[in-house]
Amino acid sequence: SNLSASCRSRLHPVNMFNSYNVKFQHTKALTSPYPGSHIERSQVPEDKVGWLSEWKDYNPVEYTAKSVLARPSWADPQINDEGFSPKFNERDGEVERKSLNGLYVVKNGRPRNPVGRTGLTGRGLLGRWGPNHAADPVVTRWKRDGSGNKVAHPVSGKNILQFIAIKRRDCGEWAIPGGMVDPGEKITATLRREFEEEALNSLQKSPEEKAKLEKQLQKLFSQDHFVVYRGYVDDPRNTDNAWMETEAVNYHDETGETMDNLPLEAGDDARLVKWVDISEKLELYANHSYFIKLVTEKRGAHWSEDPGSECHE
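Residues numbered from 1 in each chain as written. Predicted model: local features only at pLDDT ≥ 70, side-chain atom pairs only at ≥ 80, totals over all residues. Heavy atoms only, no water.

Notes on the nonpolar core
Here comes step 1: With 37 residues, the main nonpolar core has F163, V228, Y229, I278, L282, F291 and I292 as its most contacted residues.
Here comes step 2: Among the elements of the structure, β7 (130-142), β8 (161-168), β11 (225-232), β12 (242-253) and α6 (288-299) are those that each provide at least two residues to this core.
Here comes step 3: Among the elements that make up this core, the one with the highest residue count is α6 (five residues). (Core = buried A, V, L, I, M, F, W, Y, C linked by side-chain atoms within 4.5 Å. Buried < 20%, exposed > 50% of the residue type's maximum accessible area, 1.4 Å probe, protein only. Helix = DSSP H or I, 4+ residues; strand = E, 2+ residues; numbered from the N terminus.)

Shown next as structure tokens:
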């Protein structure tokens, strides 16, 4: 998740593009052990990741977590279960099975990860066969001094941007406070709900407290915002048959007035929550550092002390 990993993923393309034409390669989706388990993935050499590379001896490990097999409301049945006939590459009732990256291959009844092999089949910790859709709200403000003036970085001279980060309860890594899109839910509703649950602990608030938070957030979430990224995520939970996709959206508080009085409190899947200064030194979960870098480019904010170290298309 550091800058060099971000560069690597873009300079060594596999046969797949996200909707912003950035090339990706697996890094985190090849790591072992698989999250929350002792399962080791089959090792996949770099030149064998892409499905176009022939590999007759490919023998991935099959794994779906017990929590998924228990059939919670957010999970599909097993692919061969009677009565289960998912409509891949289209909206399947309330479940969105279309990928943000276009059509994906379905082979032997199973969807195939569009970026390539991961050394693991089944669904791992993911509920859906194929794409599992998430939403990541990137809430930002300018860093200011005691007098309310923007703080510029002493080396780059660019103003320092801050974002609200959570420490994930499952793996302890810092991340954007996002989460899964519920069946039938609009992405805008997911973005707001996940931010409230993880960064403001809204699930534990009284109706009165919740109403007050809603009023404060209305200004932030109704103003101009921009989509940072839409597409595949190099997530450690990904498998050959199930993968994460997200829509990351930047909500920016230009004056700082909206967010200054918002009581940050970790909740739901978060252990901690705080404002974090943005720079290339950030190490975040999955592709989140890359999303944050795109925000700094859009806002003209500080990212690197060495402009020559940044990647360019």
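Regarding α6
Here comes step 1: Taking 1.5 Å per residue as the helical rise, α6 with its twelve residues ought to reach 16 Å, and the 17 Å between its terminal C-alpha atoms agrees with that figure.
Here comes step 2: Within α6, nine of the twelve residues are buried, leaving the element largely enclosed by the surrounding structure.
Here comes step 3: Regarding α6, the residues found buried are H288, S289, Y290, F291, I292, K293, L294, V295 and T296.
Here comes step 4: A positive phi of about 65° marks G300, the residue just after α6. (Expected span 1.5 Å × (residues − 1).)

Structural notes on the pattern of salt bridges
Here comes step 1: For the structure on display, the rule yields 18 salt bridges.
Here comes step 2: Of the charged contacts, one joins D76 and R97 as a salt bridge, the two residues approaching to 2.9 Å between their closest N and O atoms. Here D76, found in the loop between α2 (66-69) and β2 (91-92), pairs with R97, found in the loop between β3 (95-96) and β4 (106-107); they are 21 residues apart in sequence, far enough to count as distant. As far as the burial class goes, D76 and R97 line up, both buried.
Here comes step 3: K150 is the salt-bridge partner of E254, the closest N and O atoms lying 3.2 Å from each other. Residue E254 is located in the loop between β12 and α5 (257-260), and its partner K150 is located in the loop between β7 and β8; the two are separated by 104 residues in the primary sequence.
Here comes step 4: On the basis of relative accessibility, which here comes to 38%, the residue E254 falls in the partly exposed class.
Here comes step 5: Residues joined by salt bridges that share partners form a network here, namely D182, E185, R193, E194 and E197. (Salt bridge = Lys/Arg side-chain N within 4 Å of Asp/Glu carboxyl O.)

Some remarks on the pairing of β12
Both faces of the sheet carry side chains from a regular strand, because those side chains alternate between them.
Here comes step 1: Counting buried positions along β12 yields twelve of twelve residues, so the element is predominantly enclosed.
Here comes step 2: Because side chains alternate across β12, one face comprises the buried residues A242, M244, T246, A248, N250 and H252, and the other comprises W243, E245, E247, V249, Y251 and D253, equally buried.
Here comes step 3: As paired elements, β7 and β12 share twelve bridges and run parallel to each other. Bridge assignment links A135 to a residue of β12, and that residue is E247. (Pairing = 2+ DSSP bridges.)

Points about the confidence of the model for the protein
Here comes step 1: Taken as a whole, the protein shows an average pLDDT of 85; of its residues, 90% reach a score of 70 or greater.
Here comes step 2: Every residue in residues 1-22 is under pLDDT 50, and counting partners more than four places away or in other chains gives 62 contacts. (pLDDT = per-residue confidence, 0-100. Contact = heavy atoms within 4.5 Å.)

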